[in-house]
Amino acid sequence: MSEGTMQRRAQREQPERAKRLTRVLVCAAAVPVMLVATGCSSDSGPDDGGGDKAASASASASPSPTVQAAAYRTLPEACRALSKKTLEDLAPKAKSGKEGGSDDVASRASCSWSSLDNNGVKGSQFRWLNVSLLRFESDTTRGPGDKLAQEYYDKQVREIRATPGAKGLNAQAVTGTGDEATAVRYDLKKKEGTFKQQTVVVRVENVVVTLDYNGAGLAGDKTPDAAALLADAKKAAKEAVLSVTRANGPAAASGSPSAPASGRPSAPASEAPSASASGKS
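Residues numbered from 1 in each chain as written. Predicted model: local features only at pLDDT ≥ 70, side-chain atom pairs only at ≥ 80, totals over all residues. Heavy atoms only, no water.

Quick notes on the state of the cysteines
This structure, assessed with the given rule, holds one disulfide. For Cys79, the disulfide goes to Cys111, at an S-S distance of 2.0 Å. Between Cys79 and Cys111, the disulfide has an S-S torsion of 95° and is therefore right-handed. With Cys79 in the loop between α2 (50-61) and α3 (84-90) and Cys111 in strand β2 (residues 108-118), this pair connects stretches of sequence that are 32 residues apart. On the basis of relative accessible area, Cys111 is assigned to the buried category, the value being 0%. (Disulfide = S-S within 2.5 Å. Helix = DSSP H or I, 4+ residues; strand = E, 2+ residues; numbered from the N terminus. Buried < 20%, exposed > 50% of the residue type's maximum accessible area, 1.4 Å probe, protein only.)

As structure tokens, then:
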């Protein structure tokens, strides 16, 4: 084959090789693009965000637990829960009330008054008065505030009826005071004399009021009349309940038609306390 023929053949083959090389490079360049596309398609499957969206939709479809808001959101000042006249009648020699310790006076409060009327050689008349207020909040786990208050009310009455050393104990329902009320009376003998104890426990909505009132004739003075002490205790307990409703606004105190029959304002639900600061002399 002559040199000229070989040169012409090489010239013809050169474009063909260039075309084949171009096709190979194009295919080679297309491979990573396909791999990348395949990889992205694999990463964007149902496990990437799809499960979270489904879970979110499912969670939003499930309603959150709710509970009726507690009726009363606060408490009155315990040492002002009773009027000046009532204090003069029940504890005439008491100079001022002694406020009980509390880390949350809107949920737990108490105040006590001690009165000693010293008649010299004729003896003395002693009176002790205590009012304890305990408010329960509604809680999604434990239940509505009024139900929690009722459970505590029942427990409080049981414990008072089981007072060690109580003599002649008598318990009776009290009408016209709060949603439910019980009065427990008994005698308690101490070295100073015989004390006539009266305790009135009242539940009004989500608040429990415990009023203790006892009296004794000391140093030879006559023992006070238990029936009169009980009447005074019932009157004072009713007054303390009224103080609770007044502390929660005019609608609660008046039972106006614009509010529910119980005079309940709205309030957020939270954990309620579980103990009272009640005490006895």
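Okay, back to it.
Describing helix α5 (residues 226-247)
End to end, α5 covers 31 Å across 22 residues, agreeing with the expected 32 Å (1.5 Å per residue, within 8%). Buried within α5 are the following residues: Ala226, Leu229, Leu230, Ala233, Ala236, Ala237, Glu239, Ala240, Val241, Ser243, Val244 and Thr245. Gly249 occupies a position one or two residues after α5 and carries a positive phi of about 110°. (Expected span 1.5 Å × (residues − 1).)

Comments concerning the sheet that holds strand β4 (residues 167-173)
Sheet architecture is open: seven strands sit in the order β1-β2-β3-β7-β6-β5-β4, paired in antiparallel fashion. Unpaired on one side and paired on the other, β1 (98-99) and β4 mark the two borders of the sheet. Pairing of β2 with strand β3 (residues 124-135) involves 11 bridges; the strand directions are antiparallel. Bridged to Trp113 within β3 is Leu129. Along the sheet, helix α4 (residues 145-161) contacts β3, β4, β5 (180-190), β6 (193-204) and β7 (207-218); its crossing angle with β6, the most-contacted strand, is approximately 165°. (Pairing = 2+ DSSP bridges. Contact = heavy atoms within 4.5 Å. Axes fitted to C-alpha atoms, helices over the stretch in contact; angles between N-to-C directions.)

Observations regarding unusual backbone geometry
Notably, Glu205 is not glycine yet its phi reads approximately 55°, a positive angle. Along the chain, Glu205 turns up in the loop between β6 and β7. Glu205 sits in the buried class, given a relative accessible area of 6%. Although it is not a glycine, Ala219 adopts a positive phi angle of roughly 55°. Relative to the assigned elements, Ala219 resides in the loop between β7 and α5.

Side note on the pairing of β3
Most of β3 sits inside the fold, with 12 of its 12 residues counted as buried. Of the two faces of β3, both are covered, the one formed by Ser124, Phe126, Trp128, Asn130, Ser132 and Leu134 as well as the one formed by Gln125, Arg127, Leu129, Val131, Leu133 and Arg135. Between β2 and β3, which follow one another and run antiparallel, lie five residues, and Gly120 among them has a positive phi close to 65°. Where β3 and β7 come together, 12 bridges link them in antiparallel fashion. Its bridge partner being in β7, Arg135 is matched across the sheet by Val207.

Quick word on the confidence of the model for the protein chain
Considering every residue of the protein chain, the mean pLDDT works out to 78; 66% of them sit at 70 or more. In the predicted structure, residues 254-281 sits below a pLDDT of 50 and forms 73 contacts with residues beyond four places in sequence or in another chain. (pLDDT = per-residue confidence, 0-100.)

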